[in-house]
Structures are given as C-alpha cells and as structure tokens.
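Close look at the chain arrangement
Okay, here's what each chain looks like letter by letter:
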Amino acid sequence: MSDFQVDLNNCDREPIHIPGQIQSHGFLIVIDQEHMIRFVSENTINFLGDIAKNLLGQSLYHLESIIGDVQQADFITQLMNFGKVNNNFRQTNPFEFSISGSSFNLIISPVAKFYLLEFEPATSTINLDIQSLVGKSIVEMLGDKNLNSLLKNTVQQVKNIIQYDRVMIYRFAEDGHGEVVAEAKQEELAPWLGLHYPASDIPKQARELYKINLTRLIANTDTAPAKIITEPGQAPLDLTHSQLRSVSPIHIQYLKNMGVASSFSISLLYKNELWGLIACHNYSPRFIDYKSRESAKLIGQILSSALEFRQDEENQYIHEGFNNNLEKISKYLQQNEFIEQAVTAEEVNILSVTNATGAVFIYEGKVIRIGITPDDLQLNGLINWVMEHVSEMIYATDNLSGLYPEAAEYKHIASGLLISTLSKQLQEYIFWFKPEQIQKINWAGDPEKLVTIDNDGFQHISPRHSFEVWTELVAAKSDQWHEQEIKSATRLKEEIHYAINLKAGAIRAMNEKLRLAYEELDTFSYTISHDLKNPLAVIRSYAQLLVRDKSIGERGQEFLNRIEDRATKMNLMINEVLDYSRIGRSDVQYKSTDTGALINDIIKDLDQIYDKAVLNITVGDTPALQGDHTMLFQVFSNLIGNAVKYSQQAETAQVHIHGIKSEKETCYTIKDNGIGIAAKDLVHIFKLFNRMDNVMDIEGSGVGLSIVKRIVDKHKGRIWAESELEKGTTFFVSFNN
Ligand code: ADP
C-alpha cells in the first residue's frame, strides 16, 4: 500500500496510477534504458524462486539467466531491441514462454525512462477459441441497427465469450454518474438494468485511466496485492500503462461489498471521450489472459465505432431539421430590413432551430417572446442574472434554478436555458427555454450515504455497502441540450452577426450615396441659379428701358414696374440660393472671431435701413467664437436681421443679443419682441423657402434660416428657438469652444 491515505478530502485525488503495488497474479520487473533492473514486485520470488531475491540493480542478462528460457537465452533483450527499433511493442506483446512448466505471457510497455516487464499467466480460465468467437460475435452484434438491440447483443456476446456471471453496459451521463443500459446475467442474479450509480463510484481519475488503458482486469478481489520495491531515492513508478496495476482499496472493498470476485471492463469511447464501459462481474475468481483481453478489447472498439456511427447518423438527422430552418431564417435575414422581424415574425423562427418550447429575442432594447416563456418581470431578473454571471457566448444549463434560485418559480417553463449572446455590451441575447421534466432515477443504493466515520473518527468516502434500489425523483431539471441544438444556437448567432454587419455596411453605403447626391444637388442648384442670373439681368434692363418709353400708356408702365420689381426680387432670391449652396460646398475655416465687432458691424448696417427712433438693439457679453468668420457673419446678420424685421409692429422694436461661455460651448441668444412664431411652426422654420403664415406681408424669401442652420451644422453647433405669438422670439445658437 502506498503512503497516500484516502479520506473525504482527497478521495478524488487518490493517485491511483502510482499505487506502489500490483495485483499478485503476475509479477513485475522494471528496467531502465541501460537494461538495469530498477523496480521489482515483491512476489517475483513466488514465481522465480529465491534465486530472484536480489534483482534490484542487476542487469537484464541476470534475469534472463534465472528465467532460462529453453529456446533463447537472451529472449527479453531481443524483444527489447525489436520493440525499440519499431518504437512500440505491439507486435511482440504478449511473448509466451514457460517458467518451470507453466506458461507465462510477457508484456512490455515503455513508461518515461523505464520499461515495464509484466509477467502474467498465459492460460485463461476460459478455454475457448476466443478469436473465432469474437469474429462471430461481431456479426451478431451489428446485426441490429437499433441502439438498444446493439447494446443488448453486445453484452450477450461478451458474456458468451468471457463467461462472466454478469455483463453490463454502463453509460456515463454528463455529470459523471452512470446507468446500466444493457445487461446479460445468470438467471439467478438480481437485475441491475436501469440502475444508476453515483459519479463517486468511478472517480474522475479512474475514468481518465479507462481512456488510456482500454481493458482492465481485477483478477481476484481476495488476493493481497504485491508491493513494488525499489532502491532508495527512486520516484514512485507510474503504472498508467500497466496490466497488473493494483486496485484502489476503496474499489476492492466496493466490489467485495457487491460480492464480486473478478471484474473485467472494456472502455467504450465516443469521439475520444469515455462514453461508457462494458462492465463484467464474476462472483468467483475468473482470470482472463492477455490475448483474450485483447480480443475483448476489439469488441469494445467495434461497439465504440458503431456507437459513433449511430450517433453521427442521429446527429445528422437532427441537424438536417435544424439546418433547413436555419437556412430559411438566413434568407429572411437577407430579405427583411429588420433583424428582429426576420428571426421572430415568420412561422420558422428562432424557436425552430432547437427543441426548446419557448424563446426570447432581446435586441435593440426590444424583448420579443415566442412560445412558452417566463413573464416580463421574470425575464428582467433573468437578464440581469445572465449579465452578471454568464460570460460565455453560448451557454446551456438543464437546471437553471440550481444556479439561479429565483427561477424556481417558473421551473415548469424554464428549467433548461440555452443562451446565445449577440452582444454582451448591448445586452442583446437569444434565450431558449425547456420545461422541467420530473425524472425517476433508480439508484443502486442511496448516493448521499457515502460518507462514513471510521474507528479513529476520520471521515471516509466509503465504498457502499448497500445496493438496495433507492428511487429518487429529480425535479427542476429539463431535457438536456443536444449538441446539435448548441450548434444551431451558435450558427444562428453567426447568421445574425453577419446580417447586422451587412446592414451596417448598407447603411454606410447609403449614407455615402446620399452625401454624393446632396453634393450634386448643391452643384446643380448653384449652376441653375447662376445661369438664371444672366437672362434675368437682361429682362430687368429691357424693362427699365421700356419704362423710359413715354409712348407706353400708364397701365403699360405699371406692368413694366411690376416686371422690374419681381425681377429684382427674383435676383435677390437667386443670390440667396447661391449663398445656400455655396455653404454646402465650402469648408469651414476655423478662426477665433471677435463676435462683438462682428455684431456691431451688423447693427450699423441695420441702422441705415431702419428708423433708429423705434429700434432699440442692446448687446450684452460677446465672448469670442471659434468658427469661419464669413459664415458666422451670415448667421448673426440673418438672426439679428430677422429679429429686427419681424419686430416692426412693436412700438419700439427691442432686440437684445448676448453670449455666455460655458466649459464646452459658447451660446448666443438673440431675443426680440416681434410677432413670434406659432409653436407648431417652430420645427419648420429651418426648412428651405418656408415662411410662416403671419409674415405674408413682410419681405422675405424663406432662405435665411436654412443658411443659418447649414452653417451651424457645418460647425457641429446647435440652434433652436423659443417663441410666443405676438410676444416675441428668442433664438439660441451654440458653438463648441
Ligand atoms: P425670411 O426671408 O422669410 O425671413 P428666414 O429663413 O430667415 O426667411 O425665416 C423663415 C421664417 O421664419 C420667416 O419667414 C418667419 O416666418 C420665421 N421667422 C424667422 N425669424 C423670426 C423672428 N425673429 N420672429 C418671427 N418669425 C421669424
């Protein structure tokens, strides 16, 4: 026994690959690269006699001289050389020879810097032509396509070959516990089919060894193990690849409690993971020799690939259904402008890519529920929990309330939760739900009662004594999420991301087109306005010429005056349109502008036009602005000009201008006591050619404020107005510092 004491705290870490002892039906000699003997099992003398007493530190030749094979004195050296050249010992394992009349198998395995030489009896208790039996069995095994029949056939065939009392297929669930899914047994034995065994019955590290060593024989639970001895200072020997590796005392006790004398297992792998075991029990000792074990291994491998094939076929089938639906959704994503509609509004939707009973699409602040889902309040709580606890892009659980107790109140709707994270940052997810499925599990003994206290008061994980059927009802758990459902969720996420990217790209492209169209329109209006100016000038000058012609009567003169008047107005409008489009085409030349001086210039101009006696313009603080001097002039001249123009009805037009500089921006207000703007019109004042109903008899073109708005936008500033009809208007214009 190794020094490692197994107790409650370290049971799962019991280093079962370095037990320091072997099963005593064979013996072990370990040599190093120079063929010097470094480890020997204590029971070697039982097989080779006292002459083998002091093997440690001796050479392999010495061992060969003791064994003294009749055919070849240095047969082990030859096997070693052959194996070393080929880099493995598959072809020479096992090598059969005899020691004092008994047949032995020598099995050689390389382990780090050593070679294990394992000697075990070559005569099986089973006297059958195992190879031909295996051949026949395989045909029988694979005769049926149905999984249950396949497993049933397999246990029957294995039982026929190794003639053990009970042969089972033990399947591991994801949580490590196992279930007997097929069984062939002697009639008098109680059936174990359908029984579940807790994960602790086969601890994790044992499952790892099952993946490396595909067969495992425990020849006799009643024989004491043989210690491995070595020279002082040697590190413990790794027996992972050993055939004779001794068994954990816990496991031996466990088998003994079940009355098992010999146990044999064959690993079943699915995609390199341990799917299950063919577990064989015999209630009296029954040894299986190496060759028979190797043949049995073949059965395991064939069953493994049959399982893999079947599983792949089943996956393919499920996958096809989900896949067709994914294709449809992907098409909707291409056709529909709105992502959330594409994936939720059709008959085939996010719910159709898994076997879930409800789904929720959480996107751009919207929560769209399909099928049976928790209510809004419950969903809110769940989203918060997910935000805090789930970092994976794809996450699945079949026991939500086990992780998030609040979910217990809706476990009938959502015991299973599958999450696809579209964007954690934007809190965008797809959730799928599966309801609770209450399960009845028949345990072989109460899995909770595994801890015992020994005589010294220490706690132990005990090998179970009771295998009485113990039924547990498992609640708050849903059907598991199939790997194909997880794949679907992943693919759907990719499709949605792709669609989002495409849409973002399309919007960018559209923006660029718009920008170009805008530019073209600017150029167009600029050209048109410009070209209109000439013919208009000609009309005007002819009208002026004609006015001087005295032969034209009074009525004619009046018409001519009107023509000239309108032509002048049209010229004004054309100039404004030209101004407007010019702004679109020119870049902002940022400079610090002395706003006070600029406002004074504007006021001086206005004083020329309006009667000073009825106009009172006051100016407060005038902090400097960062911007294009010419454009800022246009802004203030339009705003102040309008304030004066639309206040003429007042006894004295009062206009006040002042600026306030804050940390980020400088904001100017231009306040008047004029006719005001109706609240409903405030949103329209910046549109080109828009004039309000109350200004019809006041001159204007409806272009000024459009120019102002365009300039402010160009400066990335803001403009807005507050107004009351017949009281006055205040414009606010703000520029970044
Ligand atoms: P307009 O040449 O008509 O003044 P603007 O583009 O400068 O054109 O102004 C658009 C419209 O906004 C005006 O026709 C008027 O109805 C309204 N408006 C602008 N400023 C004022 C103001 N200070 N008071 C009242 N109405 C105003």
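This is a predicted model, so every value here is computed, not measured. (Residues numbered from 1 in each chain as written. Predicted model: local features only at pLDDT ≥ 70, side-chain atom pairs only at ≥ 80, totals over all residues. Heavy atoms only, no water.)

Digging into the sheet that holds strand β3 (residues 37-41)
The strand order across the open sheet built from seven strands is β1-β11-β3-β2-β6-β5-β4, with neighbouring strands paired in antiparallel fashion. The outermost strands of the open sheet, each flanked by one partner alone, are β1 (21-22) and β4 (95-99). One ladder, built from two bridges, connects β1 with strand β11 (residues 226-230); its direction is antiparallel. When the bridges of β11 are listed, I22 appears paired with A226. (Pairing = 2+ DSSP bridges. Helix = DSSP H or I, 4+ residues; strand = E, 2+ residues; numbered from the N terminus.)

Things to note about the sheet that holds strand β14 (residues 358-363)
Spatially, β15-β14-β18-β17-β16 is the arrangement adopted by the five strands of the open sheet, whose pairing is antiparallel. For this open sheet the edge positions go to β15 (366-371) and β16 (394-397), each flanked by a neighbour on one side alone. When strand polarity is set aside, the average angle formed by the axes of neighbouring strands in this sheet is 10 degrees. Both β14 and strand β18 (residues 428-434) contribute to a ladder of five bridges, which runs antiparallel. Counterpart to V360 in the pairing with β18 is F431. (Axes fitted to C-alpha atoms, helices over the stretch in contact; angles between N-to-C directions.)

What about the packing of helix α15 (residues 629-645) against helix α16 (residues 704-714)?
At a minimum axis distance of 9 Å, the contact between α15 and α16 shows a crossing angle of 140 degrees. Between α15 and α16, the angle is such that the two are oblique. Both α15 and α16 take part in a crossing whose hand is left-handed. Here α15 contributes M631, Q634, V635, N638, L639 and N642 to the contact with α16, which in turn contributes G704, L705, I707, V708 and I711. Tallied by class, the residues present in the contact of α15 with α16 amount to seven nonpolar, four polar and no charged. (Parallel < 35°, antiparallel > 145°, perpendicular 65-115°, else oblique. Left-handed = near helix turned anticlockwise from the far one by under 90°. Contact = heavy atoms within 4.5 Å. Nonpolar A, V, L, I, M, F, W, Y, C, P; charged D, E, K, R; others polar.)

Some points on the pairing of strand β10 (residues 215-218)
Across the two faces of β10 the burial is the same, with T215 and L217 and R216 and I218 all buried. As paired strands, β10 and strand β12 (residues 262-270) are joined by four bridges and run antiparallel to one another. Within β12, the residue paired with R216 across the bridge is S265. (Buried < 20%, exposed > 50% of the residue type's maximum accessible area, 1.4 Å probe, protein only.)

Considerations on the site of the ligand
With respect to spatial proximity, 20 residues lie near the ligand, and among them N642, Y646, R691, S701 and L705 are the closest. In the environment of the ligand, an oxygen atom lies 2.4 Å from a nitrogen or oxygen atom belonging to the side chain of R691. Here an oxygen atom of the ligand sits 2.8 Å away from a polar atom, N or O, in the main chain of S701. Surface burial for the ligand is 98%, taken as the share of its 530 Å² of free accessible area covered by protein chains. (Near = heavy atom within 4 Å. Polar contact = N/O pair within 3.5 Å; in protein donor to acceptor, adjacent residues only side chain to side chain. Areas by Shrake-Rupley, 256 points an atom, 1.4 Å probe, with all protein chains shown as cover.)

Section: the domain arrangement of the chain
Each assigned domain of the chain is listed with its residue range as follows: domain 1 (11-17 + 128-313), domain 2 (21-121), domain 3 (336-438 + 475-488) and domain 4 (587-737). Centre-to-centre, using C-alpha coordinates, domain 3 lies 55 Å away from domain 4. (Domains from an automatic or database assignment.)

Re the nonpolar core
Core analysis: the largest hydrophobic core is formed by 40 residues, its most contacted members being F636, L639, I640, I657, I670, F731 and V733. Top contributing element to this core by residue count: α15, with eight residues. For L639, the residues in contact, after removing those within four places along its chain, are I670, L705, V708, I719, F731 and V733. In terms of nonpolar packing, the next biggest core, distinct from the first, is built from 30 residues, Y164, F264, W275 and I278 among them. (Core = buried A, V, L, I, M, F, W, Y, C linked by side-chain atoms within 4.5 Å.)

Topic: the environment of Q163
If you trace the backbone, Q163 turns up in the loop between α5 (147-162) and β7 (166-172). Since its relative accessible area comes to 36%, Q163 is described here as partly exposed.

Points about the packing of aromatic side chains
Tallying each qualifying case throughout the model produces 20 aromatic pairs. Here R166 stacks its cationic end above the ring of W192, 3.7 Å away from the centre of that ring. Lying over the aromatic face of Y580, R710 brings its terminal NZ or CZ to 4.3 Å of the ring centre. (Phe/Tyr/Trp six-rings, centres within 6.5 Å; stacked < 30°, edge-to-face > 60°. Lys NZ or Arg CZ within 6 Å of the ring centre and 35° of its normal.)

Examining the side chain of N323
Mapped onto the secondary structure, N323 falls in helix α8 (residues 290-335). A residue is classified by how much of its surface remains accessible, and N323, at 19% relative accessible area, is buried. Of note is the side chain of N323, whose polar atom sits 2.6 Å from the side chain of R491.

Some words on the pattern of salt bridges
Applying the stated criterion across every chain yields a total of 22 salt bridges. For E96, the salt bridge goes to K291, with nearest N and O atoms at 3.5 Å. Here E96, found in strand β4, pairs with K291, found in helix α8; they are 195 residues apart in sequence, far enough to count as distant. Here D222 makes a salt bridge to K256, at a shortest N to O gap of 3.7 Å. With D222 in the loop between β10 and β11 and K256 in helix α7 (residues 249-257), this residue pair connects regions lying 34 residues apart in the sequence. Given a relative accessible area of 62%, D222 falls into the exposed group. (Salt bridge = Lys/Arg side-chain N within 4 Å of Asp/Glu carboxyl O.)

A look at unusual backbone geometry
Residue P94 is reached from N93 by a cis peptide bond, and omega for that bond is -10 degrees. Position of P94 relative to the elements: it lies in the loop between α3 (75-86) and β4. Look at A112: it is not a glycine, yet its phi comes out positive at around 45 degrees. Its place among the elements puts A112 in the loop between β5 (102-111) and β6 (114-121). Look at K271: it is not a glycine, yet its phi comes out positive at around 50 degrees. Here K271 shows up in the loop between β12 and β13 (273-282). A relative accessible area of 45% means that K271 is categorised as partly exposed.

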